[in-house]
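Topology and contacts: notes
Each chain, letter by letter, is given below.
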Amino acid sequence: MLLKFELNGKQTRIEAEPTLRALDLLRDVLGLTGTKEGCGRGECGACTILLDGRPVNSCLLYAAKLQGRRVTTIEGMGAGDLPALHPLQEAFLSEGAVQCGFCTPGMILSAKALLDQNPDPDVGEIEEALSGNLCRCTGYRKIVQAVQRAAAELRSRGSR
């Protein structure tokens, strides 16, 4: 099947089996290995991508469902073609919200979806937005602090 979709701001055309998991298309075919496979059952959030701005588990999504959609992976979070980090990525680093890094891409993308909808979330809203993402190393306090810091930075810049 010829798939046509927007991937990290660029139009993408690729032949793929329609029942291939979106996770496998991204990692194995397109080489975007920032999206991780954790549980393979949609329970951990390591494979989170944004589909039309909403967080989804790519391990539960057939590649055919990407047709005509807008997909964002962690690789698409920077500033265009520049290696600059998104304020969420910067905040995760500065707040110590990263240890092994396995859950980080999914956490950051879930947080981005939240901040795109709600630029000034309270702690409960942040916790709710991240509730589908598991972290075994860092602990959630530092992750919530990182999201709060990024939200403040984005508000001060007037951007998302």
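For the structure given in this document, a descriptive report is provided here. (Residues numbered from 1 in each chain as written. Predicted model: local features only at pLDDT ≥ 70, side-chain atom pairs only at ≥ 80, totals over all residues. Heavy atoms only, no water.)

**Re the packing of helix 2 (residues 87-94) against helix 3 (residues 104-117)**
Defined as follows: Comment: axis = line fitted to C-alpha atoms, over the contacting stretch for helices; angle = value between 0 and 180 degrees taken between N-to-C directions. Here a helix means four or more residues in a row that DSSP labels H or I, a strand means two or more in a row labelled E, and each is numbered from the N terminus. When describing relative orientation, an angle under 35 degrees is termed roughly parallel and one over 145 degrees roughly antiparallel, while 65 to 115 degrees is termed roughly perpendicular and anything else oblique. Helix crossings get a hand from a simple test, with the near helix turned counterclockwise from the far one by less than a right angle marking a left-handed crossing and a clockwise turn marking a right-handed one. The contact rule is simple, with two residues in contact once any of their heavy atoms fall within 4.5 Å. For this classification, the nonpolar set comprises Ala, Val, Leu, Ile, Met, Phe, Trp, Tyr, Cys and Pro, the charged set comprises Asp, Glu, Lys and Arg, and every other residue, Gly included, is treated as polar.
Running from amino to carboxyl end, helix 2 crosses helix 3 at an angle of 125°, the nearest separation of the two axes being 10 Å. Taken as axis vectors, helix 2 and helix 3 run oblique relative to one another. Where helix 2 crosses over helix 3, the two elements pack in a sense that is right-handed. Here helix 2 contributes L88, Q89 and F92 to the contact with helix 3, which in turn contributes T104, M107, I108, A111, K112 and L115. When grouped by side-chain class, the residues that make up the contact of helix 2 with helix 3 number six nonpolar, two polar and one charged.

**A look at the pairing of strand 2 (residues 10-15)**
In plain terms, the rule: Being paired, for any two strands, means DSSP has found at least two bridges between them.
Sheet topology places strand 1 (residues 2-7) next to strand 2; six bridges connect them, and they run antiparallel. When the bridges of strand 2 are listed, L2 appears paired with E15. Taking the residues between adjacent antiparallel strands as the criterion, strand 1 and strand 2 are bridged by two residues, where N8 takes a positive phi near 50°.

**Points about helix 2**
Using the following cut-off: Between buried and exposed lies partly exposed: a residue is buried under 20% and exposed over 50% of the maximum accessible area for its type, with that area taken using a 1.4 Å probe on protein chains only.
Those residues of helix 2 lying buried are P87, L88, Q89, A91 and F92. Each element contacted by the buried residues of helix 2 is listed here: helix 3 and helix 5 (140-157). Immediately beyond the C-terminal end of helix 2, within one or two residues, lies G96, with a positive phi of roughly 70°.

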